[in-house]
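Here are the chains, one letter per residue:
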Amino acid sequence: MDTRGKKTAAAIHEEIAREVDQWLHVLFNGRRKTGHVDLEASEMMMRSAMHRVGAAGLTQLLRFPVPPAEQRTAPCSCGHTAHYQELRSKPVLTAVGRVEVSRPYYLCSHCHNGQFPADVALDIEHKECSPGVRRMLAIVGQEAPFDHGRQQMKSLADLEVTSKAVERTAESIGADIAAREQQQIQRAVQLDLPIVMGKSVPILYVLMDGTGVPVVKKETEGRAGKTAGEPAHTREAKLGCVFTQTKWDAEGYPIRDPDSTTYTGAIEPAEEFGKRLYLQAWNRDWSLAEKKVVIGDGAEWIWNIAQQHFPGAIQIVDLFHARQHVWDLARKLFPLDKAERARWITIEQDDLDKGKIEELVCSLRSIQVADPDLAKEILTEAEYFAKNAERMRYPKFREQHLFVGSGVIEAGCKTVIGARFKQSGMFWTVRGANAIIALRCCQMNGEFEDYWESRVA
Ligand SMILES: [Zn+2]
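This text gives an overview of the structure that appears in the document. (Residues numbered from 1 in each chain as written. Predicted model: local features only at pLDDT ≥ 70, side-chain atom pairs only at ≥ 80, totals over all residues. Heavy atoms only, no water.)

## Comments concerning the overall build of the protein
- Secondary structure summary: the protein contains 16 helices and 10 strands in total.
- A globule of 457 residues ought to have a C-alpha radius of gyration of about 23 Å, yet the protein, at 30 Å, is considerably larger.
- Based on the C-alpha atoms only, the size of the protein along its principal axes is roughly 95 × 70 × 50 Å.
- The buried share among the 457 residues of the protein stands at 45%.
- Long-range contacts, defined here as pairs at least 24 residues apart, represent 65% of the contacts in the protein between residues at least 6 apart. (Helix = DSSP H or I, 4+ residues; strand = E, 2+ residues; numbered from the N terminus. Rg over C-alpha atoms; globule rule 2.2 N^0.38 Å. Buried < 20%, exposed > 50% of the residue type's maximum accessible area, 1.4 Å probe, protein only. Contact = heavy atoms within 4.5 Å.)

Structure representation (structure tokens):
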């Protein structure tokens with residue numbers, strides 16, 4: 001160890017000794033006086049003491065020396081050379097509390113840009129939190145409202161942060177994840193991804209759905225709401241998931257492979273989302289799947305994406321969604337006569353469940369009603385079934401032990417989007433929401449640790 005190292009070590013030892021003396025005194029005095037140990041108070045006190053010791057140690061460690069004469073220049077991004085000026089210090093919040101970093105400052109006399117090369121090396125450039133703390137903020141920030149994150153940081157890590165700091169950090173990390181995804185998406189659409197050589201997957205599913213995210217006013221300007229004449233209050237987040245199936249149960253019903261579901265999503269046009277989902281499926285070995293399935297509701301954008309990015313996949317309209325169409329129409333045809341309505345549903349739904357879509361369409365088209373609006377609606381519904389007939393051959397799908405419902409993506413909309421983005425009083429910007437969606441999907445897919453490791457490399 002050099003002289004500086006020895007001095008640093010001595011200073012840290014001194015700090016530790018002081019802290020240890022202090023808590024030994026308090027704890028043992030306390031026990032002598034009261035006759036018992038308050039474990040929780042003791043452990044919390046000791047954690048704080050250990051943090052202070054750690055912070056003192058880190059502060060010593062992060063006290064950079066004045067650079068030697070031959071290292072007093074640094075290349076500037078403008079092409080000229082920056083020169084060493086002085087040591088400057090800034091506070092940084094670390095996993096053991098606030099520390100002071102003192103490092104050389106370089107200034108370029110040509111473009112007047114200053115820089116701290118040490119900050120880049122330490123991964124704290126323009127940051128008030130250390131990488132360790134930023135990782136924590138990302139994890140709590142994707143999980144719950146930012147102010148909950150602040151509270152969790154206090155109770156779990158004994159660190160004081162503002163909810164704004166949780167928000168800023170989680171958003172900036174999410175934005176970085178999203179930007180990296182965009183780079184990958186560009187490579188994917190240019191067919192520039194490495195060919196996967198892995199074990200083949202028996203059945204691979206791609207599901208997609210849309211769900212509203214409440215947004216600030218400026219994000220909905222000029223957009224019509226769900227109710228005619230009223231402005232929109234939400235923007236549609238599109239969510240996709242990919243999962244695999246290897247087995248079915250004794251009755252032939254499909255079983256989803258445990259922990260095989262991954263999500264991806266964003267508030268973006270269908271065209272962009274299609275590429276995103278394609279990348280996700282590619283990363284899940286789409287090209288190696290023996291059987292490929294796309295499930296969605298009747299929304300047109302879903303089938304456009306299926307056509308464009310997942311050709312050759314079996315397309316299935318969620319059975320429950322299709323049934324809903326029958327039920328909704330029944331309510332309009334028989335608003336009062338519940339018995340007649342039930343009888344009608346039984347007949348039509350039976351056709352639907354049996355995949356006899358042509359019969360169902362025929363039956364719908366033959367309905368005579370006086371109300372022209374209702375007549376038009378019936379034809380629209382008939383058209384919906386006619387158009388999706390091949391996607392509704394449920395017995396054929398069941399024979400192959402396939403899922404015929406989109407329950408997984410609907411649940412995903414609730415857990416990935418709803419639980420985090422639709423709490424009362426929340427209004428998002430599209431940019432902020434997309435960053436947190438990217439971060440949340442990354443965390444839920446179990447990819448966050450890998451991202452964090454690869455980020456520095
Ligand atoms: Zn410069």
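## Structural notes on the pattern of salt bridges
- Taken as a whole and judged by the stated rule, the model has 26 salt bridges.
- Among the salt bridges present, the one from D123 reaches R134, with a minimum N-O distance of 3.0 Å. In this pair, D123 is assigned in the loop between α3 (117–122) and α4 (131–143) and R134 in helix α4, connecting sequence segments 11 residues apart.
- Looking at D123, the relative accessible area reads 22%, which means it is partly exposed.
- Residue R134 is classed as buried on the basis of its relative accessible area of 4%.
- Ionic pairing is found between E167 and K164, a salt bridge with its closest N-O pair at 3.5 Å. One end of the pair is E167 and the other is K164, both in helix α6 (residues 163–189) and 3 residues apart, which spans about a single turn.
- Taken together, the shared-partner salt bridges connect K90, R103 and D119 into one network. (Salt bridge = Lys/Arg side-chain N within 4 Å of Asp/Glu carboxyl O.)

## Points about helix α7 (residues 270–283)
- For α7, built from 14 residues, the straight-helix expectation of 20 Å at 1.5 Å per residue is met to within 8% by its first-to-last C-alpha distance of 20 Å.
- Turning to α7, its buried residues are F273, G274, K275, R276, L277, Y278, L279, Q280, A281 and W282.
- Close packing links the buried residues of α7 with α6, β5 (201–214), β6 (234–248), β8 (262–266) and α8 (300–309). (Expected span 1.5 Å × (residues − 1).)

## Notes on the coordination of the zinc ion
- The protein atoms that coordinate the zinc ion are C76 (SG), C78 (SG), C108 (SG) and C111 (SG), at distances spanning 2.3 Å.
- Mapped onto the polypeptide sequence, the residues donating to the zinc ion form the spacing pattern C-x1-C-x29-C-x2-C. Linking C78 in the loop between β1 (73–75) and β2 (81–94) with C108 in strand β3 (residues 97–108), this pair joins segments that are 30 residues apart in sequence.
- In this structure C78 comes out as partly exposed when scored by relative accessible area, which is 33%. (Donors = N, O, S within 2.8 Å, 3.2 Å for Na, K, Ca; no water.)

## A closer look at the side chain of Q142
- With respect to the helices and strands, Q142 occurs in helix α4.
- The exposure class assigned to Q142 is buried, which follows from its relative accessible area of 1%.
- From its side chain, Q142 meets the backbone oxygen of I139 in a polar contact 3.0 Å long.
- Here Q142 is in contact with R420, I436, L439, R440 and Q443, once residues within four sequence places are set aside. (Polar contact = N/O pair within 3.5 Å; in protein donor to acceptor, adjacent residues only side chain to side chain.)

## Remarks on the sheet that holds β1
- Strand order in the open sheet made by the 4 strands is β1-β2-β3-β4, with antiparallel pairing throughout. With partners counted over all chains shown, the strands left at the sheet margins are β1 and β4 (114–115), one partner each.
- Pairing analysis gives 3 bridges linking β1 to β2, with the strands arranged antiparallel. The partner of A74 across the bridge, within β2, is A82. (Pairing = 2+ DSSP bridges.)

## A short note on the packing of aromatic side chains
- Summed over the entire model, instances satisfying the criterion amount to 16 aromatic pairs.
- Between Y205 and F243, the ring centres sit 4.7 Å apart and the planes meet at 15°, which makes this aromatic pair stacked. Highlighted residues: Y205 in strand β5 and F243 in strand β6, separated in sequence by 38 residues. A single burial state applies to Y205 and to F243, both of which are buried. (Phe/Tyr/Trp six-rings, centres within 6.5 Å; stacked < 30°, edge-to-face > 60°.)

## Examining the pairing of β2
- Counted between consecutive antiparallel strands, the loop separating β1 from β2 contains 5 residues, among which G79 sits at a positive phi close to 105°.
- Pairing of β2 with β3 involves 12 bridges; the strand directions are antiparallel. Residue pairing for β3: E86 is matched across the bridge by Y105.
- Remark: 2 residues form the turn of the hairpin made by β2 and β3, two consecutive strands paired antiparallel.

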